[in-house]
Amino acid sequence: MPRKRTSKRNYGSFGIRQLPNGTFEAGYRLPLDASGKRKTKYFYGKTRAEAETKAESYKQDVEIGIRTEEARQSFAELFETFVTNEGLRRNWKPATYETYQSLGAPLLEILGSTMLEDIGVAHAERAIYGKTKSKARPMRRWILLGQVFRYAVKKRLMREHPL
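Remember, it's a predicted structure, so these values are computed and weren't measured experimentally. One numbering rule holds for all chains: residues counted from 1, following each sequence as written. Local features in this predicted model are restricted to residues whose pLDDT is 70 or higher, and side-chain atom pairs enter the listing and the counts only when it is 80 or higher, whereas totals over whole chains, interfaces and linings include all residues. The side-chain values count all of the structure's non-hydrogen atoms but skip hydrogen atoms and water molecules.

Caption draft 1: Broad picture of the overall build of the chain. On a plain count of helices and strands, the chain comes out with 6 helices and 3 strands. Only runs of H or I of at least four residues qualify as helices and only runs of E of at least two qualify as strands under DSSP, and these elements are numbered from the N terminus. For the chain, the succession of helices and strands along the chain, N to C, is β-β-β-α-α-α-α-α-α. Relative to its full complement of 163 residues, the chain shows a buried share of 33%. Here a residue-residue contact requires only that any non-hydrogen atoms of the pair lie within 4.5 Å. In the chain, the proportion of contacts linking residues at least 24 apart, taken out of those at least 6 apart, comes to 48%. Summed over all atoms, the accessible surface of the chain reaches about 11,200 Å², with 51% contributed by carbon and sulfur. Three labels apply to residues, based on accessible area from a 1.4 Å probe with only protein chains included: buried if under 20% of the type maximum, exposed if over 50%, partly exposed otherwise in between. In this description, accessible areas are obtained by the Shrake-Rupley approach with a 1.4 Å probe, and a residue is regarded as covered only by the protein chains that are shown.

Caption draft 2: A look at the packing of helix 4 (residues 94–111) against helix 6 (residues 138–154). All axes are obtained by fitting lines to C-alpha atoms, using only the stretch in contact for helices, and the reported angles, taken between N-to-C directions, cover 0 to 180 degrees. The geometry of helix 4 relative to helix 6 is characterised by a closest axis approach of 10 Å and an angle of 85° between their N-to-C directions. For the element pair helix 4 / helix 6, the angle class is roughly perpendicular. Contact with helix 4, carried on its side by T99, Y100, L103, G104, P106, L107 and L111, involves R140, R141, L144, L145 and Q147 of helix 6 and no other residues of that element. Under this grouping Gly is polar, as are all residues other than the nonpolar Ala, Val, Leu, Ile, Met, Phe, Trp, Tyr, Cys and Pro and the charged Asp, Glu, Lys and Arg. A breakdown of the residues in the contact of helix 4 with helix 6 according to their chemical character gives 7 nonpolar, 3 polar and 2 charged. If an angle is under 35 degrees, it is roughly parallel; if it is over 145, roughly antiparallel; if it lies from 65 to 115, roughly perpendicular; otherwise it is oblique.

Caption draft 3: Examining the packing of helix 2 (residues 75–84) against helix 4 more closely. Their axes nearest at 10 Å, the elements helix 2 and helix 4 cross at an angle of 175°. Here helix 2 is positioned roughly antiparallel relative to helix 4, judged by the angle of their axes. When helix 2 is examined against helix 4, the residues F75, A76, F79, F82 and V83 are found in contact with a partner set consisting of Y97, Y100, Q101, G104, L107, L108 and L111. Residues that form the contact of helix 2 with helix 4 fall into these classes: 10 nonpolar, 2 polar and no charged.

Caption draft 4: Quick look at the pairing of strand 1 (residues 14–18). Strands are labelled as partners when DSSP assigns at least two bridges between them. One ladder, built from 5 bridges, connects strand 1 with strand 2 (residues 24–29); its direction is antiparallel. Within strand 2, the position partnered with F14 by the bridge is Y28. Between the end of strand 1 and the start of strand 2, which pair antiparallel, lie 5 residues, with G22 showing a positive phi angle near 100°.

Caption draft 5: Summary view of the sheet that holds strand 3 (residues 40–45). With antiparallel pairing, the 3 strands of this open sheet are ordered in space as 1-2-3. The open sheet terminates on both sides in strands that have one partner only, identified here as strand 1 and strand 3. Taken over all neighbouring pairs, the strand axes of this sheet differ in orientation by 20° on average, direction set aside. Where helix 1 (residues 48–63) meets the sheet, it contacts strand 1, strand 2 and strand 3, and its direction lies at approximately 145° from that of strand 3.

Caption draft 6: Focus on the nonpolar core. Residues belong to a common nonpolar core when they are buried Ala, Val, Leu, Ile, Met, Phe, Trp, Tyr or Cys residues joined through side-chain atoms within 4.5 Å. In this structure, F75, L78, F82, L144, L145, V148 and F149 are the most contacted members of the largest nonpolar core, which totals 23 residues. Among the secondary structure elements, those contributing two or more residues to this core are helix 2, helix 4, helix 5 (121–129) and helix 6. Here the element with the most residues in this core is helix 6; it accounts for 6 residues. Membership of the second largest hydrophobic core comes to 9 residues, among which are F14, Y28, L30 and Y58.

Distances and angles like these do not, on their own, reveal function.
Encoded structure:
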């Protein structure tokens, strides 16, 4: 009896295998990139279910347009993009830019190097209520942080607003 021929997986599917060290690897085939090549992203877990969950979460993010390479950035990069965005600055009063820069300093002090996908409620609360050198009231920091997160969700850099 002839052996059944296997075929390649389609993009959007993932295969799971156990590595020699006992961990599991789930490989997710990405859609074609701009150069016409298809890449595979790998996720690792101690259990098969953990690796599969990570790959499935990534797959859902790719399908709704999140987790592209430009979306993998720090809060400092996002804040800089937000403040220098000409489309937004057109509607601001002249003093607003300076106010956002001064209010953003303590936020950058706490969240600056944190990657967007890692920011959660605890990070945001620490940035709003944490001890900083700034004398700005927490409410003003909360408003600015909310605006930055809404901008990130609108640009599909974050899945949801953490506040």
